[in-house]
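# Structural overview
So you can see what is in the structure, the chains are spelled out below.
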Amino acid sequence: MKILVALKQVPDTETKVKVAADGKSLDPADVKWITSTYDEYALEEALRLKESKGAEVTVVSLGGDSVKDVLRNALALGADAAVLLKSDASDPLAVATALAAYAKDKGFDLIFAGNKGMGGDNASVGPMLAELLGIAQANVVVKFEVTDAGFRAEREIEGGTEVVEGALPAVITAQKGLNEPRYASLKGIMAAKKKTIEEVEATAPAGATAVIALVLPAARPEGRKLDGDAAAQAAALLNALKDEAKVF
Amino acid sequence: MAGAYATFKHMTDYMGFEGLLSDEEKMVREAARDFVNAEVLPIIEKHAQDQTFPAHLIPMMGDLGFYGPSLPEEYGCAGLSSVAYGLLMYELERGDSGLRSFASVQGSLVMWPIYEYGSEAQKRHWLPLMAKGEKIGCFGLTEPDFGSNPGGMLTKAVKEPGGKWRINGTKMWITNGTVADVAVVWAQTEDGIRGFLVEKGTKGFSAPETHGKWSLRASVTSELILEDVIVDEEQSLLPNVKGLKGPLGCLTQARYGIAWGALGAADASYQCALDYALSRIQFDKPIASYQLQQEKLAWMVTELTKGQLLALQLGRMKDAKTYTPAQVSMAKMNNVNVSLEICRKARTILGANGILDEYPVMRHMANLESVYTYEGTHDMHTLIIGQEVTGIPAYR
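## Here we look at the pattern of salt bridges
Using the criterion set out here, one finds 38 salt bridges over all chains in the structure. For B:Glu233, the salt bridge identified is with B:Lys159, shortest N-O distance 2.7 Å. Placement of B:Glu233 in helix α7 (residues 233-236) and of B:Lys159 in strand β2 (residues 156-160) is noted, with a sequence separation of 74 residues between them. Judged by relative accessible area, B:Lys159 falls into the exposed class, the value being 51%. What emerges from the salt-bridge pattern is a single network uniting A:Lys32, B:Glu18, B:Arg29, B:Arg33, B:Glu91 and B:Arg94.

The following block contains the structure:
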């Protein structure tokens, strides 16, 4: 079995986000970059299939040189090969198109990705990739198995679980709960040193959308102290809730 | 609460330290940090309070390759650089000194001498099992009456007919002693000091636990008692070293790791204190805005940074095989000393909250009181440096 896992490098969730001078991108100063958590579930599922059924796992990511950290980490966790698609595309359709152009004709039986990239939250690259390749897809998957006929996946849906079956090849997007990702072992890290990251110029079209502005939420207004005795404070609070917050 | 104050994602890096690391060194540190954040920090305060070692972590750390990671792959180890090993110790001790001590003893004081002084058969038997954490080791050098002066040890090994040795003596302050499957025991012989592997369950060998510690409470400390213990020469005697340089060689390895590890405890306490100072309001302002607290924080981050760079340079020299034991002494002495002081200052910034187990500070501080003394006391390392620069040994 051949498995492709698409990984996205995202700002660490602990980063205090600042908007760059252009008003539409992140200020990269002080940003630590990590693998999107949902992609970690995707990679873990691929590695478990490799261990249980035997598979060759290739990881792929789009971006510049910094993205190599994400790929190297995936190699340390147990991926067999890593590909960097060199591109500055960030629009979901452009990313999906570049991934599809790479994956096409390479005979992958399964393509795993996170159900969305942390931070951007578009949740669209996986489904677009499946459509562009003309293959099956199951998204927001919390349980997955390969069967004789293809695959069986459990999806998280509003208020319950949906079980779907489909044929391979397929795109599967992972949701929290699918598995518990492993830690990189020291031997894995040393073994990753010996593996190379293949670099390919990506064929990404111009984006279908463009980010025109990035705005941080307004700062929370300062709290206000109510004066007077308990009865006066209660009355002032009631008025504030009624007239200002319009709670009722 | 402990989690909120203790799981800071990134190490303190004031001077571009991380930029001096290779990719795999960074990855080793991050892997160890992820492990400590997820598996150690949520449980360690309770283990320290209850005086129990988190034994369930032993196989996990083995799977991740935390034991003897600088030894070669052919013995089941990872073949890391000394700097990567040091970073691992830093992150483990950011969890707890007891955990780092466990890994230090297993790797530097048991696996290292077996690798360096043992027969090929001893290496093939023990190293892969110990790398996985399936067998645990301890190191018996210190005795009740011989601490800084180990050369005077009373433990004796006498050759017996039939390729056997008889060992008698008592060792003290032995990390992992009670839980160890094998002890490296150093003993006087006709030929000078020799090392022996003594297995748990050998007749006449026992390892009662030392109770009542206010430090390293999440670590097992024991006595080793050897009464007419008979061991087989081929299996037990480490053939390739004679004299005090045998155990001292091991200590140099372990002290190197301690020079890194102590900084991990200091980093945890510094970050906790900084975070606390920024959020604790007194007189309508965060206490971080007062000069007295800023002076403490500035001192802490400065000493932490100097310690990091000292450890890193030592590690680079260790990998280049150009370092000396006296240089290791300086790093151990300085880094443990400043780390202990950083933890103490952190405790004062946290005020009364600093004594609670909701914060890691007091636990780290108490742990470092042991680290200050073990593996060569602060004072002995001072005298080793004094001897190095003057040529005069002042401790005799």
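What follows continues from the structure just given.
## Quick notes on the environment of B:Val220
Residues and elements named next belong to chain B. Mapped onto the elements, Val-220 comes out in the loop between β6 (205-206) and β7 (221-232). Looking at Val-220, the relative accessible area reads 7%, which means it is buried. When the C-alpha positions of Val-220 and Gly-177 are compared, they lie 7.0 Å apart, and in sequence the two are 43 residues distant. Those residues within four positions of Val-220 in sequence are excluded, and the remaining contacts are Phe-53, Ile-174, Thr-175, Asn-176, Gly-177, Thr-178, Val-179, Glu-209 and Lys-213.

## Remarks on helix α10 (residues 325-349) of chain B
With 25 residues, α10(B) extends 36 Å from end C-alpha to end C-alpha; this agrees with the ideal 36 Å at 1.5 Å per step. B:Gly351, located one to two residues past α10(B), shows a positive phi value of around 55°.

## A short note on the interface of chain B and chain A
Counting residues at the interface gives 25 residues for chain B, matched by 15 residues for chain A. Carbon and sulfur atoms make up 65% of the surface buried where chain B meets chain A, a total of about 1,700 Å² over both sides. Put simply, chain B and chain A have four salt bridges between them. In this structure, B:Glu24 engages A:Lys193 in a salt bridge whose closest nitrogen and oxygen atoms are separated by 3.0 Å.

## Observations concerning the nonpolar core
Across soluble globular proteins, nonpolar side chains have a tendency to be buried as a group. Counting 135 residues, the largest nonpolar core has A:Val5, A:Phe112, A:Phe144, B:Trp186 and B:Trp260 as the members making the most contacts within it. With 13 residues, helix α8 (residues 245-279) of chain B is the single largest residue contributor to this core. Setting aside its immediate chain neighbours within four residues, A:Phe144 contacts A:Glu45, A:Leu49, A:Leu110, A:Phe112, A:Phe151, A:Arg152, A:Ala153, A:Ile172 and A:Leu178.

## Quick notes on a nonpolar patch on the surface
There is a patch of nonpolar side chains on the surface, built from A:Leu237, A:Leu238, A:Leu241, A:Val247 and A:Phe248 and spanning about 480 Å² of accessible area. Position of A:Phe248 relative to the elements: it lies in the segment after α6 (230-244).

## As for the domain arrangement of chain A
With domains assigned, chain A is organised as domain 1 (2-201) and domain 2 (218-248). Each of domain 1 of chain A and domain 2 of chain A has a C-alpha centre, and the two are 48 Å apart.

## Description of the side chain of B:Glu93
Residue and element names in this part refer to chain B. Looking at where Glu-93 falls in the secondary structure, it is placed in helix α4 (residues 82-95). The exposure class assigned to Glu-93 is buried, which follows from its relative accessible area of 0%. A polar contact is formed between the side chain of Glu-93 and the backbone nitrogen of Ala-262, at a distance of 3.4 Å. Once you skip the residues sitting within four places of it in the chain, Glu-93 turns out to touch Arg-100, Gly-261, Ala-262, Gly-264, Ala-265, His-364, Leu-368 and Val-371.

Conventions and cut-offs
Residues numbered from 1 in each chain as written. Chains lettered and ligands numbered in written order. Predicted model: local features only at pLDDT ≥ 70, side-chain atom pairs only at ≥ 80, totals over all residues. Heavy atoms only, no water. Salt bridge = Lys/Arg side-chain N within 4 Å of Asp/Glu carboxyl O. Helix = DSSP H or I, 4+ residues; strand = E, 2+ residues; numbered from the N terminus. Buried < 20%, exposed > 50% of the residue type's maximum accessible area, 1.4 Å probe, protein only. Contact = heavy atoms within 4.5 Å. Expected span 1.5 Å × (residues − 1). Buried area = accessible area lost by both parts, 1.4 Å probe. Core = buried A, V, L, I, M, F, W, Y, C linked by side-chain atoms within 4.5 Å. Patch = residues over 30% accessible without salt bridge, like charges linked within 9 Å, V, L, I, M, F, W, Y side chains within 5 Å. Areas by Shrake-Rupley, 256 points an atom, 1.4 Å probe, with all protein chains shown as cover. Domains from an automatic or database assignment. Polar contact = N/O pair within 3.5 Å; in protein donor to acceptor, adjacent residues only side chain to side chain.

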